[in-house]
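What the coordinates show
Each chain is listed here by its residues.
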Amino acid sequence: MTVSSIFRYPIKGLSAELLAQVTLTAGESVPHDRRFAIAHATTNIDRKNPEWLPKTRFFMLMRDEKLAQLRTRFDEHSGVLAIERFGQLLFNSRITDTQGRQSADAFFSAFLKTSPGGPPRLVEAPGHTFSDAKQKPNSTTYKYVSLANLASIRDVERVARVPVDPNRFRANVYFEGTPAWGELNWVGMELRLGKARLRVVSATTRCPATAVNPTTAERDLDIPRILREEFGHNNMGVYAEVVEGGIVETNDFLLPL
């Protein structure tokens, strides 16, 4: 098995960023993955002691498909976030300082327009990841790397009879070289991913966010229904915790241990 592509999602619910390589650290997710989130006005974030919150406390694709119209790029060195829509630059500011964060709040308030309880807020809590995944049994962390098998995605294409963009599944690592759905049997196993070692902690349950086309921002394919009716489950890919850190690059081997 080999790594086909690596992605991170600096802002929960917004577009993917393709990476040539990534350095994983034990107990951590992909660096800067889900570092920020767009919170509802009524969502309270304790920056000093952040806790996992359900996705419904944030703006996300499951309910706010309009977010898929935006193409974002975050520079972790400068803290600058750039946002484009239909090829036009709409926002470019340093979101790691107060003024830039306020500008981002104003942008998302105008873009999303209808916000329950008040305007949205771009939030960050140092050391925290705004992941959908809660801490799993027998896991030492809630920070995971998500992996998806391209063969499984092609099997969904087969029954759906239309192309299925892998980015619907918002995984960190897409891989090739093993039969469809075999990855669902990896729970509890350890994997060598490039120079890193991971332990698979659970399958990834899929929600209606996967119905949103990441290119057109339209709800055009009911992925959860297809998974349930055609395959008898609602899973695509797996979550894994990093046990031993190391560099992972495109075309690296993925090996069960």
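Residues numbered from 1 in each chain as written. Predicted model: local features only at pLDDT ≥ 70, side-chain atom pairs only at ≥ 80, totals over all residues. Heavy atoms only, no water.

Section: the sheet that holds strand β7 (residues 88-94)
Short version of the rule: Strands are labelled as partners when DSSP assigns at least two bridges between them. Only DSSP runs of H or I reaching four residues or more are called helices, and only runs of E reaching two or more are called strands; each is numbered from the N terminus. Lines fitted to C-alpha atoms define the axes here, with helix axes fitted over just the stretch in contact, and angles between the N-to-C directions of these axes take values from 0 to 180 degrees. We call two residues in contact when some of their heavy atoms are within 4.5 Å.
What the 3 strands build is an open sheet, ordered β5-β6-β7; its pairing is antiparallel. The open sheet has two edge strands with one neighbour each: β5 (70-75) and β7. Mean inter-strand twist for the sheet, computed between neighbouring axes without regard to direction, equals 15°. Sheet strands touched by helix α1 (residues 98-112): β5, β6 (80-85) and β7. Its angle to β7, the strand with the most contacts, is close to 150°.

Examining the sheet that holds strand β2 (residues 17-19)
Reading across from one edge, β2-β1-β10-β9-β13-β12-β11-β15 is the order of the 8 strands in this open sheet, with mixed pairing throughout. Of all the strands in the sheet, just β2 and β15 (254-256) have a single pairing partner and so form its edges. Sheet twist, expressed as the average angle between the axes of neighbouring strands with direction ignored, equals 35°.

What to know about the packing of aromatic side chains
Spelled out, the test is: A pair of aromatic rings is counted whenever rings of Phe, Tyr or Trp (Trp by its six-membered ring) have centres within 6.5 Å, and the orientation is called stacked for planes under 30 degrees apart, edge-to-face for over 60 and tilted otherwise. Remark: exposure states derive from per-residue accessible area (1.4 Å probe, protein chains only) relative to the maximum for the residue type, with buried under 20%, exposed over 50%, and partly exposed in between.
Under the criterion given, the structure shown has 9 aromatic pairs. Look at Tyr 144 and Tyr 239: their rings are 5.9 Å apart centre to centre, the planes differ by 35°, and that puts the pair in the tilted class. Placement of the pair is Tyr 144 in the loop between β8 (121-124) and β9 (145-149) and Tyr 239 in strand β13 (residues 235-244), with a sequence separation of 95 residues. Both residues of the pair, Tyr 144 and Tyr 239, count as buried. Relative to Trp 186, the ring of Phe 175 lies with its centre 5.4 Å away and its plane at 25°, an arrangement referred to as stacked. Taken together, the residues span a long stretch of sequence, with Phe 175 in strand β10 (residues 173-176) and Trp 186 in the loop between β10 and β11 (190-193) at a distance of 11 residues.

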